[in-house]
Amino acid sequence: MYMAGKQLLKSELSFPYDEKYVQVVESIVKTKKGYRCVRCDNEDQQLFASFPCARCGRICTYCRKCIMMGRCSECNPLVIWTGPVPSTSFSSPLKWSGKLSPAQQLASDEVCHAIDRNDSLLVWAVCGAGKTEVLFAGINMALSQGKRVCIAAPRTDVVLELAPRLASVFPSVDMAALYGGSQDRGKLASLTVSTTHQLLRYYRAFDVMIVDEVDAFPYSVDPMLSYAVERARKPTSSLIYLTATPNEQWQSEVKRGKRKAVTIPARYHRRPLPVPTFEWCGNWKKKWRHNRLPSCVVQWVNEHLERNKQAFFFVPYIDFLQQVVPYLQQFHPHIEGVHAEDPKRKEKVLAFRRGQISILVTTTILERGVTVPNIDVAVFGAEQPIFTESALVQIAGRVGRSAQYPTGDIRFFHFGKTKAMLKAKRHIVSMNDEARKRGLIDE
Amino acid sequence: MKCLICHDEWMPTMSFAMLLTLRQADVCCPRCRARFIRLEGNRCERCSRLIDQAVCEDCIAWEKRKSVLKQNVSVYMYNDWMKEVMNRFKFRGDYALIEAFRHDVRTVFSKHFSSDVCLVPIPLSPSRLAERGFNQAEAIASLLPLPMIFALRRIDDEKQSKKTRRERFTGRKFCITGENVAEKRIVIVDDIYTTGATVHEAAKLLYDAGARDISSFTLVRS
Ligand SMILES: [Zn+2]
Ligand SMILES: [Zn+2]
Ligand SMILES: [Zn+2]
Ligand SMILES: [Zn+2]
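Residues numbered from 1 in each chain as written. Chains lettered and ligands numbered in written order. Predicted model: local features only at pLDDT ≥ 70, side-chain atom pairs only at ≥ 80, totals over all residues. Heavy atoms only, no water.

Let us now look at the overall build of chain B. Within chain B one finds nine helices and six strands. By residue count, 47% of the 222 residues in chain B fall in the buried class. Of all intrachain contacts in chain B linking residues separated by at least 6 positions in sequence, the fraction that spans at least 24 positions is 74%. By element, 53% of the accessible surface of chain B is carried by carbon and sulfur atoms, the whole surface being about 11500 Å². (Helix = DSSP H or I, 4+ residues; strand = E, 2+ residues; numbered from the N terminus. Buried < 20%, exposed > 50% of the residue type's maximum accessible area, 1.4 Å probe, protein only. Contact = heavy atoms within 4.5 Å. Areas by Shrake-Rupley, 256 points an atom, 1.4 Å probe, with all protein chains shown as cover.)

What follows deals with the overall build of chain A. Assigned secondary structure in chain A consists of 12 helices and 20 strands. Rg of the C-alpha trace for chain A: 24 Å, near the compact-globule value of 22 Å for 443 residues, within the 12% margin. In terms of overall dimensions, chain A has C-alpha extents of about 70 × 55 × 40 Å along its principal axes. In chain A, which comprises 443 residues, the share counted as buried stands at 56%. Taking contacts inside chain A between residues at least 6 apart in sequence as the whole, the part at least 24 apart equals 74%. Computing the positive centroid from 61 side-chain charges and the negative centroid from 42, chain A places the two 2 Å apart. (Rg over C-alpha atoms; globule rule 2.2 N^0.38 Å. Lys, Arg positive; Asp, Glu negative; His and termini not counted. Charge placed at Lys NZ, Arg CZ, Asp CG, Glu CD.)

Turning our attention to the packing of aromatic side chains. For the coordinates displayed, the defined rule picks out 32 aromatic pairs over all chains. Seen from their ring centres, A:W288 and A:F320 are 5.4 Å apart, and the 80° between their planes marks the pair as edge-to-face. A residue pair is termed long-range when its members are at least 10 positions apart, and A:W288 in helix α7 (residues 284-289) and A:F320 in helix α9 (residues 318-329) qualify at 32 residues. We classify A:F320 as buried; its relative accessible area is 6%. Three or more aromatic residues joined by ring pairs make a cluster, and in this case those are A:F51, A:Y62, B:F36, B:Y76, B:W81, B:F89, B:Y95, B:F101 and B:F134. The residue whose ring lies beneath A:R71 is A:Y62, and the NZ or CZ to ring-centre distance is 6.0 Å. The lysine or arginine in question, A:K425, covers the ring of A:F278, its NZ or CZ lying 5.0 Å from the ring centre. (Phe/Tyr/Trp six-rings, centres within 6.5 Å; stacked < 30°, edge-to-face > 60°. Lys NZ or Arg CZ within 6 Å of the ring centre and 35° of its normal.)

So, on to the sheet that holds strand β1 (residues 7-9) of chain A. All names here are of chain A. Taken together, three strands build an open sheet; the order of strands is β1-β7-β2 and the sheet is antiparallel. The sheet terminates laterally at β1 and β2 (22-25), the two strands that pair on one side only. Here the average twist between neighbouring strands, direction ignored, is 25°. Judged from the three bridges that link them, β1 and strand β7 (residues 78-81) form a sheet pairing that is antiparallel. (Pairing = 2+ DSSP bridges. Axes fitted to C-alpha atoms, helices over the stretch in contact; angles between N-to-C directions.)

All right, on to the domain arrangement of chain A then. Domain annotation for chain A reports domain 1 (7-81), domain 2 (102-264) and domain 3 (277-437). Domain 2 of chain A and domain 3 of chain A are separated by 29 Å when their C-alpha centres are compared. (Domains from an automatic or database assignment.)

To continue, consider the coordination of the zinc ion (ligand 2). Reference values for angles at a metal are 109.5 degrees in the four-donor tetrahedral case and 90 or 180 degrees in the six-donor octahedral case. Residues and elements named next belong to chain A. Coordination sphere of the zinc ion (ligand 2), protein contribution only: C37 (SG), C40 (SG), C63 (SG) and C66 (SG), at 2.3 to 2.4 Å. Counting along the primary sequence, the residues that act as donors to the zinc ion (ligand 2) give the motif C-x2-C-x22-C-x2-C. Of this pair, C37 sits in strand β4 (residues 35-37) while C63 sits in strand β6 (residues 59-63); the two residues are 26 residues apart in sequence, bridging distant segments of the chain. With respect to class, C37 is no different from C63; both count as buried. (Donors = N, O, S within 2.8 Å, 3.2 Å for Na, K, Ca; no water.)

All names here are of chain A. Relative to the helices and strands, A378 is located in strand β19 (residues 376-380). When the C-alpha atoms of A378 and V315 are compared, they prove to be 8.8 Å apart, with 63 residues separating the residues in sequence. Aside from chain neighbours lying at most four places away, what touches A378 is W300, F312, F313, F314, R411 and F413.

Summary statistics for chain A give a mean pLDDT of 91 and a share of 96% for residues scoring 70 or more. Of all secondary-structure elements in chain A, the lowest mean pLDDT belongs to helix α10 (residues 345-353) of chain A, at 85, while β6(A) reaches the highest, 98. (pLDDT = per-residue confidence, 0-100.)

Residues and elements named next belong to chain A. With seven of its 10 residues buried, helix α5 (residues 223-232) lies for the most part within the structure. When we look at burial in α5, the residues that qualify are M224, L225, Y227, A228, V229, R231 and A232. As for α5, its buried residues are in contact with β1, β4, β7, α4 (196-199), β12 (206-212) and β13 (233-243).

What follows is about the coordination of the zinc ion (ligand 1). Residue and element names in this part refer to chain A. Around the zinc ion (ligand 1), the protein contributes the donor atoms C53 (SG), C56 (SG), C60 (SG) and C75 (SG), at 2.2 to 2.4 Å from the metal centre. Taken together, the four donor atoms surrounding the zinc ion (ligand 1) define angles of 102 to 119° at the centre, an arrangement classified as tetrahedral. Between consecutive donor residues of the zinc ion (ligand 1), the sequence gaps follow C-x2-C-x3-C-x14-C. Taken as a pair, C60 in strand β6 and C75 in the loop between β6 and β7 lie far apart in primary sequence, 15 residues in all. (Tetrahedral: all angles 85-135°; square planar, octahedral: opposite > 155°, others 65-115°.)

Quick look at the side chain of A:S27 now. Residues and elements named next belong to chain A. Considering the arrangement of structural elements, one finds S27 in the loop between β2 and β3 (28-30). With relative accessibility at 1%, the residue S27 sits in the buried group. Looking at S27, its side chain comes within polar contact range of the main-chain oxygen of S73, at 3.1 Å. For S27, the residues in contact, after removing those within four places along its chain, are L9, R36, C37, V38, R39, C72, S73, N76, P77 and L78. (Polar contact = N/O pair within 3.5 Å; in protein donor to acceptor, adjacent residues only side chain to side chain.)

Moving on: the nonpolar core. Residues and elements named next belong to chain A. Judged by nonpolar contacts, the single largest core of 68 residues is most densely connected at I139, L166, F170 and I210. In this structure, this core is formed jointly by two domains, domain 2 (102-264) and domain 3 (277-437), each of which donates at least three residues. The contacts of F170, once residues within four sequence positions are left out, are P93, L94, F136, I139, N140, L143 and L191. (Core = buried A, V, L, I, M, F, W, Y, C linked by side-chain atoms within 4.5 Å.)

A few words now on the pattern of salt bridges. Pairing is possible between side chains of opposite charge, provided their charged atoms come close. Tallied over the entire structure, the rule returns 37 salt bridges over all chains. For the salt bridge of A:E12 with A:R201, the shortest nitrogen-to-oxygen distance reads 3.0 Å. Remark: A:R201 occurs in the loop between α4 and β12 and A:E12 occurs in the loop between β1 and β2; sequence separation between them is 189 residues. Since its relative accessible area comes to 25%, A:E12 is described here as partly exposed. A:R201 gets classed as buried once you look at its relative accessible area, which sits at 6%. The shortest N-O distance in the salt bridge between B:K70 and B:D213 comes to 3.0 Å. You can see B:K70 sitting in strand β1 (residues 69-77) and its partner B:D213 sitting in strand β6 (residues 212-221), a full 143 residues away along the chain. (Salt bridge = Lys/Arg side-chain N within 4 Å of Asp/Glu carboxyl O.)

The next point concerns the environment of A:V85. Residues and elements named next belong to chain A. On the secondary structure map, V85 appears in the loop between β7 and α1 (102-116). With 105 residues separating them along the chain, V85 and S190 place their C-alpha atoms 11 Å apart. The contact partners of V85, leaving out residues within four places of it in the chain, are G5, R148, L188, R204 and A205.

Residue and element names in this part refer to chain B. Taken as a whole, chain B is organised into domain 1 (1-35) and domain 2 (37-221). Listed per partner, the contact involves nine residues of domain 1 and 11 residues of domain 2. Between domain 1 and domain 2, the buried area comes to about 880 Å², and carbon and sulfur atoms account for 59% of it. For the pair domain 1 and domain 2, the number of links is one salt bridge. Of the charged contacts, one joins R33 and D104 as a salt bridge, the two residues approaching to 3.9 Å between their closest N and O atoms. Counting across the interface, domain 1 meets domain 2 through three residue pairs in polar contact (both at pLDDT 80 or more). Grouping the amino acids of the side of domain 1 that touches domain 2 by side-chain chemistry returns five nonpolar, one polar and three charged. (Buried area = accessible area lost by both parts, 1.4 Å probe. Nonpolar A, V, L, I, M, F, W, Y, C, P; charged D, E, K, R; others polar.)

This is the structure:
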């Protein structure tokens, strides 16, 4: 039964399987544009390459995009399971005694409803809303009905955070946590938490697919994720989307009632989301060429150091980060920089949490566990295209998450307001408005 | 353009010098490029190991054992980055990454060797070759415009369990294929030099088959 619910490369199959229940298809197909990868849907011709292949004796084309999951090439087809996928049911496996807020409860009911009817649902929850708990009742119901549940997340650290959390509330359920290098690779469990990449190994396996893409910045939503999700879930299944920042099209579909959605517009601590303020800082790139920073930014840095208040300082590019950190360190040693590929990332994050770093200059949102209480946030060069509406909302979402310190300062230093900045601010304000209307905020 | 390694978009700046020499722009972005460390500075003259001695202890030991390998030249240092890139190139089989090494491989090679040498790539076992689809040593050798001789064959199966008792006992990895190497100047090519056991053994076999003046060239020195 190892093949059940899977699509694997022929080269990965060292075991016998039931021919009756599989279909063998080419993994790389020719199209008008060139090539397409059937496993990951890559059509970017720059991400195909060919080589003299010893296996087929030809110049063989392969997909570079999904190569970390094994090489899809012209001589390496996909073997897809078409037989039945077995199911196991549990009787009310949820062991959790926490309480949901009224907004969470409403969302939780909608999730149950969607799972029961194999429907789609968008859960639009602000950063810090407590969205994982919202899934518990729905997962419980699905597992009781013998359904297979998968939660897909764009990043490994999200999987690593979610899996133990779910294991502790569903102690009797067989689980798989799938990420690069995971022990559970290839497992078909009743409850699965997976990265996008690992999902590429599954085919029509899941009855409930939950996509968690909250806090994804700077990993912009990859079209591969939605493709992998569509292939991995059964044709009749429910699809629950969790996000803090749905894209423009989805937002408008929700407004027009074309897409089923439920919002959690307030945090569990019932205080409004802090709203960003804009501060014009002139042509900072030009200033920086003369090794100077805008005076309002210098002032912001000094103020935080004097008041000893911790802060994130977001910058748009790694190159700039690498220049500006040594510059700032001249004035104060308690300033550090970290970016997504930084090998010392873990140590620096830990030092920041311990309060050994005052200002952390960064290009990324860091692990989700990094909810440092009582911090401020500044975005420098907020007009740069990398700071999309979604990125800015997520960055602002770092502030005021703890009940003890529910407020904080969010500053966008810019050289000309952009649409994205305005939309991000409007987004946050409208969430607060809705929360007030629904009585979810104490003021 | 898209960086060959991290797939990020970047803008190569065409310098006037590059236009004059028609040198190609780099295939990877400056950030990825900066993470490859070329072996420079104080090294063992025999094996390229970064060390303050002229000849390192390992090489003195090889000399005592009358090794016929004249010297080993390597291009890059083995750091975490190199490990990651090699993993993708070799084990995941992303052949296209070879292009990231082309320029440095050619430059370093021509600095140390004349153009009348023949290249002998370290072979893979047939099962490993079928699995991977290509031999990384041959891919590296193919960056150089020089003749290749497939003079060696693997006799161990690279997987311990499949070795016969005799092979395990003798510990031999290769045999000679019979391709003519007599009186030829040979540079053995491999991906990495660690203890050197592989290339020293290969050198001995080639010497016994009549080759003269045998050196080795590897992408990485660990
Ligand atoms: Zn092939
Ligand atoms: Zn692919
Ligand atoms: Zn790069
Ligand atoms: Zn040496």
